[in-house]
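Report on the structure
These are the residues of each chain, in order.
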Amino acid sequence: LEFDLGSVVVTLGQEDYSRPKPYNMTVPGQASAWRLWCRSLLLPVDMKEPLGPRVFIWGEPVLRKYYTIYDWDAKQVGFSVAGESPTISGDGQSGSPAIGAPPAGSL
């Protein structure tokens, strides 16, 4: 899955957003019945317009894969791949580039 945020694309592979194996769930209205279910880790949310109706929370899948920095004053969120050193233009560090990083000294 790719989420295009304009200047940033957040990418999740199937291993990022799906459970590693199915889980058992009882079937409503049937005393001893159960079924195996596979379910995404993305959380759907039932909201009315203007935000809804097709809304979900990235939550755990994105927070596992990306390191996020929140700049409350500038109302920005910065993303970098978790576990890698970010490369911010001009600093020469290795790793993946920082995506939407807040301005230096803002945090």
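Residues numbered from 1 in each chain as written. Predicted model: local features only at pLDDT ≥ 70, side-chain atom pairs only at ≥ 80, totals over all residues. Heavy atoms only, no water.

1. Details of the pattern of salt bridges
The line we're drawing: We define a salt bridge as a contact between a side-chain nitrogen of Lys or Arg and a carboxyl oxygen of Asp or Glu at a distance within 4 Å. Helix numbering and strand numbering both begin at the N terminus, where a helix is a DSSP run of H or I of at least 4 residues and a strand a DSSP run of E of at least 2.
All chains considered together, the criterion is met by two salt bridges. Put simply, aspartate 16 and lysine 65 hold a salt bridge, and the shortest N to O gap is 3.3 Å. Of the two residues, aspartate 16 sits in helix α1 (residues 14–17) while lysine 65 sits in helix α2 (residues 60–65), which places them 49 residues apart along the sequence. Between arginine 64 and glutamate 60 there is a salt bridge; the shortest N-O distance is 2.2 Å.

2. Here we look at the packing of aromatic side chains
Filter applied, for reference: Centres within 6.5 Å make a pair out of two Phe, Tyr or Trp rings, where for Trp the six-membered ring is used; the pair is then stacked when the planes are under 30 degrees apart, edge-to-face when over 60, and tilted otherwise. Only protein chains enter the accessibility calculation, which uses a 1.4 Å probe. A residue is then buried if its area is under 20% of the maximum for its type, exposed if over 50%, and partly exposed in between.
Tallying each qualifying case throughout the model produces four aromatic pairs. Aromatic side chains tyrosine 66 and phenylalanine 79 sit 6.1 Å apart centroid to centroid with 90° between the ring planes, which places their arrangement in the edge-to-face category. Within this pair, whereas tyrosine 66 is found in strand β7 (residues 66–71), its partner phenylalanine 79 is found in strand β8 (residues 76–81), the two being separated by 13 residues in sequence. Grouping residues by exposure puts tyrosine 66 and phenylalanine 79 together as buried. Ring centres of tyrosine 70 and tryptophan 72 lie 5.9 Å apart, and the angle between their planes is 15°; this geometry places the pair in the stacked category. Since its relative accessible area comes to 38%, tyrosine 70 is described here as partly exposed. The class for tryptophan 72 is exposed, based on a relative accessible area of 69%. Every member of this aromatic cluster is reached through a ring pair, and the members are Phe3, Trp58, Tyr66 and Phe79.

3. Thoughts on the nonpolar core
Test applied: Only buried residues count toward a nonpolar core, which is a set of Ala, Val, Leu, Ile, Met, Phe, Trp, Tyr and Cys residues joined through side-chain atoms within 4.5 Å. Whether two residues are in contact is decided by their heavy atoms: any pair within 4.5 Å suffices.
Judged by nonpolar contacts, Phe3, Val8, Val10, Leu12, Leu42, Val62, Tyr66 and Phe79 together constitute the single largest core of eight residues. Those residues in contact with leucine 42 that sit more than four places away from it in its chain are Leu1, Leu12, Tyr17, Phe56, Ile57, Trp58 and Pro61.

4. A closer look at the confidence of the model for the protein chain
Do not read the fine detail of predicted coordinates wherever pLDDT is low. Filter applied, for reference: pLDDT runs from 0 to 100 and stands for how confident the predictor is about each residue.
The pLDDT averaged across the protein chain works out to 75; a share of 70% of its residues lies at or above 70. Mean pLDDT across the secondary structure elements of the protein chain bottoms out at strand β4 (residues 34–37), with 68, and peaks at strand β1 (residues 2–4), with 89. Throughout residues 89–97 the model reports pLDDT below 50, and contacts reaching past four residues in sequence, or to other chains, amount to 16 contacts.

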